[in-house]
Amino acid sequence: MAKTQTPADRIAELRQRIDDANYRYYVLDDPAIPDAEFDRLLRELQSLEAEHPDLVTPDSPTQRVGIAPSGTFAEVRHAIPMLSLGNAFTDEEVADFERRIEEKLGRRAPKFSVEPKLDGLAISLRYENGRFVQGATRGDGATGEDVTANLRTIKAIPLQLRGTGWPAVLEVRGEVYMPLEAFRKYNERAVKEGGKVLANPRNGAAGSLRQLDPRITAQRPLAFYAYAVGIVEGAELPPTHSQTLAKLREWGFPVSALNDVVAGAEGLLGYYSGIGKRRESLPFDIDGVVYKLDDYEGQREMGFVSRAPRWAIAHKFPAQEQSTV
Ligand SMILES: Cc1c[n+]2nc(N)[nH]c2nc1OC(C)C
């Protein structure tokens, strides 16, 4: 600690450097400091906070791993339901989906946000005044389980939003998943040390997130990609979904670099075949791609059918042989 620095200043500086390192590692995919340096900063922060417990706040990077809570998960109602997606399996079904939108909106080749559909667990994160306050599983779409303590252990999920201009209340939806390389390494160690071997990355993510003890979740290699917003109070969002995703990235959320914006059925199918060619070499499992009409105005006009939007659809790949142990 520099001579002139007070413990509080040093703590603030350490937190800033650790948060920046997390942001660069998980959001920009461009690590700034080696892991050993990151661990040293975290250890210094932990010992400083141990000496000054009055300076500890819930958004400190040392507060990601809590103690085991009560025996069950509380229920959380999703004020905005977490929808499932209709599926398309053939090019014709994609063309029909796009044509219905052209006809209803009276537009030619409307713009779509196109995204990989990760094979993980859908969750919803609630932020109040920029601070992560609650996270829940999708559950049945209307009610999920409160897994806040477990989500806090995932370093890709910001405890405090970055940048400026975020709404007073912001709900972010996305996928918790287990990267393939981390899944393999975890299982190799589990086999060697007699730990729990995970059947596949998707079950590994689901099982890790539904642990009653966050200290177990903290040992599991989980990651996160944001793909939508839910409740937004106290600020206007941009007019399109793709611009909102750009804002989420600014505010500290990982957003897939594979996302794009394309026009018309041709653009959709071009994206699908492009991702299809790269599927085997992606660092995570996907089970398809998602097409979403990009402008919110058009989404409102298209509305929903039962529990799925008319303005979005998942185009699935043929089932892949599972990544086995
Ligand atoms: C269930 C779902 C899953 N995914 N996955 C992506 N990439 N976007 C996306 N959107 C979804 O639902 C939207 C309707 C918000």
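Structure: above.
This structure is a prediction, so every number in the text was calculated from the model and none was measured.

A.B. asks: So what's going on with the overall build of the protein chain? Residues and values would help.
C.D. replies: Of regular secondary structure, the protein chain possesses 10 helices and 13 strands. Relative to a compact globule of 325 residues, whose C-alpha radius of gyration would be 20 Å, the protein chain shows 21 Å and is just as compact. Across its three principal directions, the C-alpha atoms of the protein chain cover 70 × 50 × 40 Å. The buried share of the protein chain, reckoned over its 325 residues, is 48%. Across the protein chain, contacts joining residues at least 24 apart in sequence account for 75% of those joining residues at least 6 apart. If you sum the accessible surface of the protein chain, you get close to 16,000 Å²; carbon and sulfur atoms cover 52% of it.

A.B. asks: Mind laying out unusual backbone geometry, listing which residues take part and the relevant values?
C.D. replies: A positive phi angle, near 55°, is found at Asp29, a position not held by glycine. With respect to the element layout, Asp29 can be found in the loop between helix H1 (7-27) and helix H2 (35-51). Even without a glycine there, the phi angle at Ala109 is positive, about 45°. With respect to the helices, strands and loops of the structure, Ala109 is situated in the loop between helix H3 (91-105) and strand S3 (111-118).

A.B. asks: Could you give an account of the site of the ligand, with specific residues and numbers?
C.D. replies: Residues in close proximity to the ligand include Leu83, Leu85, Glu115, Pro116, Tyr227, Ala228, Val290, Lys292, Pro309 and Trp311, which together make up its full environment. Here a nitrogen atom of the ligand and a side-chain polar atom of Glu115 are 2.9 Å apart. At 3.0 Å, a side-chain N or O of Lys292 approaches a nitrogen atom of the ligand. Counting only elements with at least two residues in the shell around the ligand, the list comes to S3, strand S8 (223-233) and strand S10 (286-293). Here the residues of the shell around the ligand sort into eight nonpolar, no polar and two charged.

A.B. asks: Give me the lowdown on the pattern of salt bridges, citing residues and values where you can.
C.D. replies: Counted under the stated rule, the structure contains 25 salt bridges. Here Asp59 ties to Arg131 by a salt bridge, and the two come within 3.4 Å at their closest N and O atoms. One end of the pair, Asp59, is in the loop between H2 and strand S1 (75-77); the other, Arg131, is in strand S5 (residues 131-137), and 72 residues separate them in sequence. Overall, the relative accessible area of 16% leaves Asp59 in the buried class.

A.B. asks: Any chance you could break down H1 for me, citing the residues and the numbers?
C.D. replies: Between its first and last C-alpha, H1 extends 29 Å over 21 residues, near the 30 Å set by a 1.5 Å rise per residue. Here the buried face of H1 lies against H2 and helix H8 (241-250). In the stretch just after H1, Asp29 is the one whose phi turns positive, near 55°.

A.B. asks: Describe the pairing of strand S4 (residues 121-128), with residues and values.
C.D. replies: Counting buried positions along S4 gives six out of eight residues, so the element sits mostly inside the fold. Direction of pairing for S4 relative to strand S7 (residues 169-177): antiparallel, over a ladder of eight bridges. Bridge assignment links Arg126 to a residue of S7, and that residue is Glu171. Pairing of S4 with S5, which is carried by six bridges, proceeds in the antiparallel orientation. When the bridges of S5 are listed, Ile123 appears paired with Thr137. The hairpin formed by S4 and S5 contains two residues between the paired strands, and Asn129 there has a positive phi angle of roughly 50°.

A.B. asks: Would you mind going over the side chain of Arg173 in detail, with residue names and values included?
C.D. replies: The residue Arg173 is located in strand S7 in this model. Side chain to side chain, Arg173 and Ser124 meet in a polar contact 3.0 Å long. When neighbours within four sequence positions are excluded, Arg173 is seen to be in contact with His78, Ile80, Pro81, Met82, Ile123, Ser124, Phe224, Ala226, Tyr227, Ala228, Val229 and Gly230.

A.B. asks: Before we move on, can you summarise the pairing of strand S13 (residues 312-316) with the specific residues and values?
C.D. replies: S13 sits mainly inside the fold: five of its five residues count as buried. Residues of S13 alternate between two faces, with Ala312, Ala314 and Lys316 on one and Ile313 and His315 on the opposite face, all of them buried. Of the pairings in the sheet, the one linking strand S2 (residues 86-88) to S13 comprises three bridges and is parallel in character. Within S13, the position partnered with Gly86 by the bridge is Ile313. Pairing geometry for S10 and S13, over five bridges, is antiparallel.

A.B. asks: Summarise the nonpolar core; cite the residues concerned and give the values.
C.D. replies: Ranked by size, the top nonpolar core spans 32 residues in total, and within it Leu125, Leu151, Leu209, Phe224, Leu248 and Phe253 carry the most contacts. If you list the elements that add at least two residues to this core, you get S4, S7, helix H5 (180-193), helix H6 (201-209), S8 and H8. Among the elements that make up this core, the one with the highest residue count is S4 (four residues). Setting aside anything within four residues of it in sequence, one finds Phe253 in contact with Val27, Leu125, Tyr127, Pro158, Leu161, Leu170, Val172, Phe224, Ala226 and Leu248. Among the nonpolar cores identified, the runner-up in size contains 28 residues, and Leu282, Ile286, Ile313 and Phe317 belong to it.

What counts as what
- Counting restarts for each chain, with residues numbered from 1 along the sequence as it is written.
- Note on the predicted model: pLDDT of at least 70 is required for a residue's local features to be given, and 80 or more for side-chain atom pairs to be given and counted; whole-chain, interface and lining totals, by contrast, use all residues.
- Each side-chain value is worked out from all heavy atoms of the structure, with water and hydrogens disregarded.
- Each helix is a run of DSSP H or I of at least 4 residues and each strand a run of E of at least 2, with the numbering of both proceeding from the N terminus.
- In this description the radius of gyration comes from C-alpha coordinates, and the expected globular size is given by 2.2 Å times residues to the power 0.38.
- Only protein chains enter the area calculation, which uses a 1.4 Å probe; residues under 20% of their type maximum are buried, those over 50% are exposed, and those in between are partly exposed.
- The contact rule is simple, with two residues in contact once any of their heavy atoms fall within 4.5 Å.
- Calculation of accessible area relied on Shrake-Rupley with a 1.4 Å probe; when residues are assessed, cover is drawn exclusively from the protein chains displayed.
- Put simply, a residue is near a molecule or strand once any heavy atom of it comes within 4 Å of that molecule or strand.
- By the criterion applied in these results, polar contacts are pairs of N or O atoms within 3.5 Å in which, for protein atoms, one can donate a hydrogen and the other can accept it, and in which residues neighboring in sequence qualify only through two side-chain atoms.
- Residues are grouped as follows: Ala, Val, Leu, Ile, Met, Phe, Trp, Tyr, Cys and Pro are nonpolar; Asp, Glu, Lys and Arg are charged; every other residue, Gly included, is polar.
- Whenever a carboxyl oxygen of Asp or Glu lies within 4 Å of a side-chain nitrogen of Lys or Arg, that contact is scored as a salt bridge.
- A helix is expected to span 1.5 Å multiplied by its residue count minus one.
- Paired strands, as defined in this entry, are two strands with at least two bridges between them according to DSSP.
- We call a set of buried residues a nonpolar core when its members are Ala, Val, Leu, Ile, Met, Phe, Trp, Tyr or Cys and they connect through side-chain atoms within 4.5 Å of each other.

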